Amino acid sequence: MSSAVATTAARLRDLKPGWLHDPKVWRTEVLAGLVVALALIPEAISFSVIAGVAPAVGLFASFTMAVVISIVGGRRAMISAATGAVALVIAPLQREHGFGHLVAAVILAGVFQIALGALGVAKLMRFIPRSVMVGFVNSLAILVFMAQVPELHDVPWPVYPLMAGGLALMVFFPKVSTAVPAPLVSVVILTVITVAAGIAVPTVGDKGALPSSLPVPGLPDVPFTLETLTVIAPYAFAMALVGLMESLMTAKLVDDITDTRSSKTRESVGQGVANIVTGFLGGMGGCAVIGQTMINVKVSGARTRLSTFLAGVFLMVLCIAFGPVVSDIPMAALVAVMVMVCFATFDWHSVAPRTLKRMPAGEITVMAVTVVCVVATHNLAVGVVTGSVTAMVIFARRVAHLADVTAVTDPDGTTVVYRVTGELFFASSNDLVGRFDYAGDPDKVVIDLGEAHIWDASSVAALDAIETKYAQRGKTVEITGLNRPSAHLHNKLSGELTGGH
């Protein structure tokens, strides 16, 4: 019996991830979670101000999002919390209809995200070009930096040397030791200096009161009517889309940094579950946060769900149990951490003169459009969608020019063969009709599509129009060389688009 128990215990141990038995991994994950928790506090309070709610609402959202997503999310080590993108979406709802409607919208947004995840919206990530991804990363770094600028405006002069000292610590301390994350060392040392020396500078406590207890579950204080649904649905759907887009883009970024893959569908559903839980606990909702994720993954070296879970737990412990201590942390220390994150996040290679000389103009344009739109609107969704559409237009124009038509007339002058090469779709087929000599050609015309591919109804309609123009002059047209997909589409649609030849 004891042998069977021992065997079962051994099997259970084998099912555990290998990192559970590695003290170095535990240390990295625990310390990373602590650093992220410290960085989340001022951000969550700031986003609460944007949304027009009490600071505790943003802190509760960051706590529940991080804890829940660590269990149900698809991307290990990614941090989800209250975000500026979500705050901007729901701020008008809070302002016009009150907190109850905001909470209801957060819950409904979670339902939308689960539905979108189940429908496979994550697969749309494949249509986002690399240039948009680079623009996304660079614009996020710019936005995070811009969010720190107000903390450096109209402040006592000691803020500037404190921030400079924090940056110096984060640059040089890793050369001495990597046992403890440099951001944590920087925050602790600067806090000790300001408290011990009695230096009067803005602190975390100046941002607002920290919560003194855990959130309590409850239903949103709204009438459960169709009218309420019509009010919150547009905001909830916008929040769902913005949250998913930011989360999936961040997940892909972490995939690239860690050279691992993650389930985007599970992440989409997980974000929905996290927002539903957050809503019932009175939080403002959220999604993945790039700044804290970079602190966790790139600066601190975290790679597991433990760091994400502990970031949420430490956040509440710091606020509830160590509120007075956390309140004394100088904002200069946290600004220094975020500035370092911006520097590490920005893709400097993408803007290097050597890269810009080699990169096609279209790729540079797409990246620039993405950055400008995100920075101008403070809305990641607007930038990503605009950048992707710009990339598609540039691609369509580029491919359209690859379609070509050459004509060869038989020596006896009775037949002309037009050889069409390239991709035929709406952009390239529009010019196709004008490439034929309807009046001067002989009675028999052959259109050889052996080196072409028909992609859409526009191309079939163009071929129908060509046949019609020749038929009006009593000439016959033979289309040859169609590959199987092109032949299937042509046979299916030919004659149905223009009412016949």
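Keep in mind that this is a model prediction, so the values were computed, not measured. (Residues numbered from 1 in each chain as written. Predicted model: local features only at pLDDT ≥ 70, side-chain atom pairs only at ≥ 80, totals over all residues. Heavy atoms only, no water.)

Undergrad: Explain the overall build of the chain here, please?
TA: From N to C terminus, the chain includes 20 helices and six strands. The C-alpha radius of gyration of the chain comes to 29 Å, more than 25% above the 23 Å expected for a compact globule of 501 residues. Summarising its shape, the C-alpha atoms of the chain cover approximately 100 × 65 × 55 Å along the three principal directions. Burial status across the chain gives 51% buried among its 501 residues. (Helix = DSSP H or I, 4+ residues; strand = E, 2+ residues; numbered from the N terminus. Rg over C-alpha atoms; globule rule 2.2 N^0.38 Å. Buried < 20%, exposed > 50% of the residue type's maximum accessible area, 1.4 Å probe, protein only.)

Undergrad: What is the right way to look at the side chain of His 453 in this model?
TA: Here His 453 is to be found in strand β5 (residues 444-454). A relative accessible area of 15% means that His 453 is categorised as buried. A polar side-chain atom of His 453 sits 3.1 Å from a polar atom in the side chain of Asn 483. For His 453, the contacting residues outside a window of four places in its chain are Gly 422, Glu 423, Leu 424, Asn 483, Pro 485 and Ser 486. (Polar contact = N/O pair within 3.5 Å; in protein donor to acceptor, adjacent residues only side chain to side chain. Contact = heavy atoms within 4.5 Å.)

Undergrad: Hey, could you run me through the packing of helix α6 (residues 130-148) against helix α9 (residues 226-258) in this one?
TA: A pair of packed helices can be characterised by two numbers: the angle between their axes and the separation between those axes. Running from amino to carboxyl end, α6 crosses α9 at an angle of 100°, the nearest separation of the two axes being 11 Å. Considering the angle they form, α6 stands roughly perpendicular to α9. Between α6 and α9, the residues in contact are Val 132, Met 133, Phe 136 and Val 137 and Glu 246, Met 249, Thr 250, Lys 252 and Leu 253, respectively. (Axes fitted to C-alpha atoms, helices over the stretch in contact; angles between N-to-C directions. Parallel < 35°, antiparallel > 145°, perpendicular 65-115°, else oblique.)

Undergrad: How do you make sense of the layout of surface pockets when you look at a structure like this?
TA: Any empty space left between the atoms is revealed when a probe the size of a water molecule rolls over them. Roughly 690 Å³ of internal volume is contained in the largest pocket. Lining the largest pocket are 31 residues, with Glu 43, Phe 47, Gly 84, Leu 143 and Ala 147 positioned closest to its centre. Elements that contribute at least two residues to the lining of the largest pocket include exactly α2 (23-51), α4 (84-97), α6, α11 (290-299) and α14 (331-345). Broken down by element, the lining of the largest pocket gets its largest block of residues, seven residues, from α2. (1 Å grid on protein atoms, 1.4 Å probe; cavity = no way out; pocket = protein on both sides within 12 Å on 5 of 7 lines; lining within 4 Å. Points joined across faces, edges and corners; volume = space filled by probe spheres on them.)

Undergrad: Just to check I follow, could you spell out the pattern of salt bridges for this structure?
TA: Oppositely charged side chains can pair when the atoms bearing their charge come close. According to the stated counting rule, one finds five salt bridges in the structure shown. Note that Lys 264 is salt-bridged to Asp 255, the shortest N-O span being 2.4 Å. Taken as a pair, Lys 264 and Asp 255 share a single burial class, namely buried. In this structure, Asp 448 engages Arg 419 in a salt bridge whose closest nitrogen and oxygen atoms are separated by 3.6 Å. With Asp 448 in strand β5 and Arg 419 in strand β4 (residues 415-424), the pair connects residues that are 29 residues apart, well separated along the chain. We classify Asp 448 as buried; its relative accessible area is 19%. Among the residues examined, Arg 419 registers a relative accessible area of 34% and is labelled partly exposed. One network of salt bridges, with partners in common, ties together Arg 75, Asp 255 and Lys 264. (Salt bridge = Lys/Arg side-chain N within 4 Å of Asp/Glu carboxyl O.)

Undergrad: Looking at this model, I keep getting lost on helix α3 (residues 55-72). Mind explaining?
TA: For an α-helix, the turn length of 3.6 residues means that residues three or four places apart are oriented alike. In this model, α3 (18 residues) spans 26 Å end to end at C-alpha, consistent with the 26 Å of a helix rising 1.5 Å per residue. The buried fraction of α3 amounts to 15 of the 18 residues, a majority that puts the element mostly inside the structure. (Expected span 1.5 Å × (residues − 1).)

Undergrad: What is the right way to look at the pairing of β4 in this model?
TA: Here is the key point about a regular strand: its side chains alternate between the two faces of the sheet. Pairing geometry for strand β3 (residues 404-409) and β4, over six bridges, is antiparallel. Paired with Ala 407 across the two strands is Tyr 418, which belongs to β4. Sheet analysis places β4 next to β5, joined by nine bridges and oriented parallel. Paired with Val 416 across the two strands is Val 445, which belongs to β5. (Pairing = 2+ DSSP bridges.)

Undergrad: Hey, could you run me through unusual backbone geometry in this one?
TA: Most peptide bonds take the trans configuration, and most residues that are not glycine carry a negative phi. Although it is not a glycine, Ala 77 adopts a positive phi angle of roughly 75°. Unusually for a residue other than glycine, Asp 259 sits at a positive phi of about 55°. Topologically, Asp 259 is positioned in the loop between α9 and α10 (264-280). Classification of Asp 259 by relative accessible area gives exposed; the value is 72%.

Undergrad: What am I meant to see in the sheet that holds β4 here?
TA: Overall, mixed pairing links the four strands, which are arranged β3-β4-β5-β6 in an open sheet. Both outer strands of the open sheet, β3 and β6 (476-480), are each paired with one neighbouring strand and no more. Sheet twist, expressed as the average angle between the axes of neighbouring strands with direction ignored, equals 20°. On the sheet, helix α20 (residues 484-493) packs against β5 and β6 and is oriented at approximately 120° with respect to β5.

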